[in-house]
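# A structural walkthrough
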Amino acid sequence: MSTALWPITAADKLAIQLIENCVREDLKPIEQARAFRALIDQNGWSARQVARELNITQSNVVRALALLELPAAVQAQVEQGTLPPATAYEVSK
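Here goes a summary of the coordinates provided. (Residues numbered from 1 in each chain as written. Predicted model: local features only at pLDDT ≥ 70, side-chain atom pairs only at ≥ 80, totals over all residues. Heavy atoms only, no water.)

## Looking at the overall build of the protein chain
When helices and strands are counted, the protein chain shows six helices and zero strands. Ordering the α and β elements of the protein chain from the N terminus gives α-α-α-α-α-α. Reported as C-alpha extents along the three principal axes, the dimensions of the protein chain are approximately 55 × 25 × 20 Å. Counting all 93 residues of the protein chain, 29% fall into the buried class. Put simply, 44% of the contacts in the protein chain that link residues at least 6 apart link residues at least 24 apart. Put simply, the protein chain shows about 6300 Å² of open surface, and 54% of that area lies on carbon and sulfur atoms. Between the mean site of the 9 positive side-chain charges and the mean site of the 10 negative ones, the protein chain shows a separation of 4 Å. (Helix = DSSP H or I, 4+ residues; strand = E, 2+ residues; numbered from the N terminus. Buried < 20%, exposed > 50% of the residue type's maximum accessible area, 1.4 Å probe, protein only. Contact = heavy atoms within 4.5 Å. Areas by Shrake-Rupley, 256 points an atom, 1.4 Å probe, with all protein chains shown as cover. Lys, Arg positive; Asp, Glu negative; His and termini not counted. Charge placed at Lys NZ, Arg CZ, Asp CG, Glu CD.)

As structure tokens, this is what we get:
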């Protein structure tokens with residue numbers, strides 16, 4: 001007898017991997033933003049749905065996604081740790 005209640009598709013596996021990636025503690029801000037974007041693109045989710053699925057605030061998701069709108073040079077500074085994500089978010093406004 002199978003223990004699965006329903007078959008897991010390749011898309012389901014990818015979504016699970018993306019969700020696990022989003023909540024890693026060592027994830028850099030831009031990496032996290034890209035993982036959020038991937039969940040949105042793959043599942044057609046809103047930022048609210050990502051927040052609900054990951055049990056985080058919607059504002060955290062929105063701020064992370066805003067980092068992806070920054071010029072590549074600014075994103076690189078965030079990735080290198082020379083520019084705090086919160087400062088980069090404020091600049092993006």
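## Concerning the nonpolar core
Core analysis: the largest hydrophobic core is formed by 13 residues, its most contacted members being Phe36, Leu39, Val50, Leu54, Val61 and Leu65. For this core, the secondary-structure elements that each account for two or more residues are helix H2 (29-43), helix H3 (47-54) and helix H4 (58-67). Excluding anything up to four places from it in sequence, Val61 contacts Phe36, Ala47, Val50, Ala51 and Ile56. Membership of the second largest hydrophobic core comes to seven residues, among which are Ile30, Leu70, Val78 and Leu83. (Core = buried A, V, L, I, M, F, W, Y, C linked by side-chain atoms within 4.5 Å.)

Everything listed here is a matter of coordinates, which is why it stays silent on function.
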